[in-house]
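Structural characterization, general
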Amino acid sequence: MGRWQDMDLEELEEQYSPSRWSRRMDSESVIQAHIDVTTAGTQKAQAAAHTLLHVPYGDGEGEKLDIYFPVDSSETFPVFVYIHGGYWQCLSKDASGFSAPALLSQGVAVVALGYDIAPKGHMDAMVLQVRRSLAFLVKQYHRIRGIYLCGHSAGAHLAAMVLSTDWTEFGVVPDIRGAVLVSGVYDLEPLLHTYVNDALNMSLEVAQRNSPILCVTQAVPVAASCEVLVAVAQHDSPEFRRQSQEYSQALRSAGWSVSLLDLASVDHFDIIEKLSEETYVLTQVILNMIARS
Ligand SMILES: N[C@@H](CC(=O)c1ccccc1NC=O)C(=O)O
């Protein structure tokens, strides 16, 4: 595979269309199945768990989050914060609670973040929203014992941007002990030339200042205690796989503690859907990460 700069537009669009790389279903079906499975999984989780839904973390309509409490929530508990994907233009927190059953049973709370997707939301605003939602959480809930961030696809991009946050203006430094970045995009520039940018309407400047690979911060002692897991699917496109490799390397070079997880036999969608299963390798890796720190 050549450099993205040398690809023609058709090839670039193919590389940045995750659904075309699934071996399970055709493009349209795999996206529909993803929406169906994550929505149904979230409804099931909400029916079974003690929850606080639609908690506002700001004044905006889309600035809401859902909290799923673990079975025994009398003490402090670790919190798994999930940021959904959908190329910053689809999906919502209402399809973001499917991992809760597997985590709640192990004493981990789950928070599903909402943010304003495009065309209402702009890239700068989405990044600010997820940062503010974390500041809100730690100010509001004192029973949090460590935050474990997780994002899928576009959500992994937003989670990665959280890692490069200068918290001074937020009045609080969240205790982020782990980050699980699943099938993400860390350099937005190639997207400028694809259909993905039709709704986002990013300029080169916006794409660059919101590209995690261009704003990797030197790991400070507090960040060194934060473990980063960059996960990518065997059936992600070569460009998605390259982005994960390059971003994990960039973080490592800056002193972060990073593991690159190349997950076999999954694609861009079931790599995250399977977090509903307790025995799935990524679920186990996340639970181990939380248990260790
Ligand atoms: N049009 C895209 C859709 C897509 O990328 C997507 C759909 C649902 C959830 C996550 C996605 N990818 C990244 O955020 C595709 O071809 O797969």
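Just so you know, these numbers come straight off a predicted model, no measurement behind them. (Residues numbered from 1 in each chain as written. Predicted model: local features only at pLDDT ≥ 70, side-chain atom pairs only at ≥ 80, totals over all residues. Heavy atoms only, no water.)

So, the site of the ligand
Taken together, 14 residues surround the ligand, and among them Ser19, Gly86, Tyr87, Ser153 and Tyr195 come closest. Here Gly86 contributes a backbone N or O atom positioned 2.8 Å from an oxygen atom of the ligand. Contact with the protein chains hides 92% of the accessible area of the ligand, taken as 400 Å² for the molecule alone. When atoms are counted within 2 Å of each cavity's grid points, the one that captures over half of the ligand is the largest pocket. (Near = heavy atom within 4 Å. Polar contact = N/O pair within 3.5 Å; in protein donor to acceptor, adjacent residues only side chain to side chain. Areas by Shrake-Rupley, 256 points an atom, 1.4 Å probe, with all protein chains shown as cover. 1 Å grid on protein atoms, 1.4 Å probe; cavity = no way out; pocket = protein on both sides within 12 Å on 5 of 7 lines; lining within 4 Å. Sits in = over half its atoms within 2 Å of the grid points.)

A few points about the side chain of Ser237
The topology assignment puts Ser237 in the loop between β7 (227–235) and α9 (238–253). Here Ser237 is in contact with Gln15 and Trp21, once residues within four sequence places are set aside. (Helix = DSSP H or I, 4+ residues; strand = E, 2+ residues; numbered from the N terminus. Contact = heavy atoms within 4.5 Å.)

Things to note about the UniProt feature "active site" (unreviewed entry) in the protein
UniProt annotation of "active site" (unreviewed entry) refers to Ser153, Asp236 and His268 when read in the numbering used here. Separation in sequence by 116 residues is not matched in space for these annotated residues, since their most distant C-alpha atoms are only 10.6 Å apart. Considered against the largest pocket, the annotated residues that line it turn out to be Ser153 and His268. For Asp236, the location among the structural elements is in the loop between β7 and α9. Relative accessible area serves as the criterion here: at 4%, Asp236 is assigned to the buried category. Setting aside residues no more than four positions away along its own chain, Asp236 makes contact with Trp21, Ser183, Arg241 and His268. Topologically, His268 is positioned in the loop between β8 (257–267) and α10 (270–273). Of the residues examined, His268 reaches a relative accessible area of 2% and is grouped as buried. (UniProt positions renumbered as here; feature names shortened; annotations may be inferred. Buried < 20%, exposed > 50% of the residue type's maximum accessible area, 1.4 Å probe, protein only.)

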